[in-house]
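A look at the structure
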Amino acid sequence: FIEIGNSESGPITGLRGTRNALVVFKSKAIYLIKGDPDKGFYAETLTRDVGCCAANTIAEIPGKGTAFLSQAGVMLLVGALENEGTPTRVVHMSEPIPDMIKKINFSAAANAVGIYYQMDKEYWLAVPTIGSADNKRVMVYHAEIGEWSLRTGFRIGCMVEARDHRGYLFYGTNSKQQTNQGIRVYSTGNNSLL
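Residues numbered from 1 in each chain as written. Predicted model: local features only at pLDDT ≥ 70, side-chain atom pairs only at ≥ 80, totals over all residues. Heavy atoms only, no water.

**Let's talk about the side chain of serine 94**
- By secondary structure assignment, the location of serine 94 is in the loop between β8 (89-92) and α1 (98-102).
- In this structure serine 94 comes out as buried when scored by relative accessible area, which is 1%.
- Of note is the side chain of serine 94, whose polar atom sits 2.9 Å from the backbone nitrogen of valine 74.
- Residues contacting serine 94, with those up to four places away along its chain left out, are Gly73, Val74, Ile101 and Trp148. (Helix = DSSP H or I, 4+ residues; strand = E, 2+ residues; numbered from the N terminus. Buried < 20%, exposed > 50% of the residue type's maximum accessible area, 1.4 Å probe, protein only. Polar contact = N/O pair within 3.5 Å; in protein donor to acceptor, adjacent residues only side chain to side chain. Contact = heavy atoms within 4.5 Å.)

Structure below.
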């Protein structure tokens, strides 16, 4: 057993493997679990200032860091997470889009989902909006240019990227408000029902 933080840092909300460690997200803090032949496994505090409120939003953005949704907005964990001279820190990704963040229903944020879509080099984040527990809004971070956009008409409950040569993004919906419930496929602008 490894003691990770205290009750003030909240419950564990997500885990993410890195090169040589495990990142443990709590609702109000982030920790790194490392192993040492002499010390065994131990927890190292990365931050007590911010945590993750939605485990299914944690996604690696190649060359940038690990994105996740927190109560303060969309964050990015950057740095080497190792003793390689690059400091590990949390960057506020959604600072340029405060109006979009204000419309998120954080009481239902555990329903939010995110994924990095390799084909278009985008981080998709589906979130519930105020007054609903369904993920009605999709915010997209375009990694190559560092800008955000908004997609409408998507009610996404889960997402997965195909690992074959086609690289499709599959997403599912079971929203009672959507007439075409089921699994859909998105491919560079093509959104169709399976």
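**Some points on the sheet that holds strand β12 (residues 147-151)**
- Taken together, the 4 strands give an open sheet; going across it, the order is β9-β10-β11-β12, and neighbouring strands pair in antiparallel fashion. Pairing within the sheet leaves two strands with one partner each, and these edge strands are β9 (113-117) and β12. Each adjacent strand pair in this sheet contributes to an overall mean axis angle of 20 degrees, direction not counted.
- Bridging between β9 and strand β10 (residues 122-128) involves 5 bridges; their strand directions are antiparallel. By the bridge assignment for β10, tyrosine 116 is matched with tyrosine 123. (Pairing = 2+ DSSP bridges. Axes fitted to C-alpha atoms, helices over the stretch in contact; angles between N-to-C directions.)

**Looking at the nonpolar core**
- By size, the foremost hydrophobic cluster in this structure holds 24 residues, and its most contacted members are Ile61, Leu69, Val74, Met93, Tyr123, Met139 and Trp148.
- Looking at this core, the elements that each hand over two or more residues are β5 (59-61), β6 (65-70), β7 (73-78), α1, β10 and β11 (135-142).
- Apart from the residues within four sequence positions on either side, isoleucine 61 is in contact with Ala67, Leu76, Met93, Tyr116, Tyr123, Tyr141 and Ala143.
- If you look at the next biggest cluster of nonpolar residues, it comprises 13 residues, including Val113, Tyr117, Val140 and Tyr186. (Core = buried A, V, L, I, M, F, W, Y, C linked by side-chain atoms within 4.5 Å.)

**Section: the packing of aromatic side chains**
- For the structure on display, the rule yields 9 aromatic pairs.
- Ring centres 5.0 Å apart and planes at 55 degrees place the aromatic pair phenylalanine 25 and phenylalanine 68 in the tilted group. Of this pair, phenylalanine 25 sits in strand β2 (residues 22-26) while phenylalanine 68 sits in strand β6; the two residues are 43 residues apart in sequence, bridging distant segments of the chain.
- On the basis of relative accessibility, which here comes to 0%, the residue phenylalanine 68 falls in the buried class.
- Three or more aromatic residues joined by ring pairs make a cluster, and in this case those are Tyr117, Trp124, Phe154, Tyr171 and Tyr186. (Phe/Tyr/Trp six-rings, centres within 6.5 Å; stacked < 30°, edge-to-face > 60°.)

**Focus on the environment of alanine 108**
- Looking at the secondary structure, you find alanine 108 in the loop between α1 and β9.
- Assessed through its relative accessible area of 11%, alanine 108 is described here as buried.
- Between the alpha carbons of alanine 108 and isoleucine 130 there is a distance of 9.0 Å; along the sequence they are 22 residues apart.
- Not counting chain neighbours up to four residues away, the residues in contact with alanine 108 comprise Pro128, Ser132 and Ala133.

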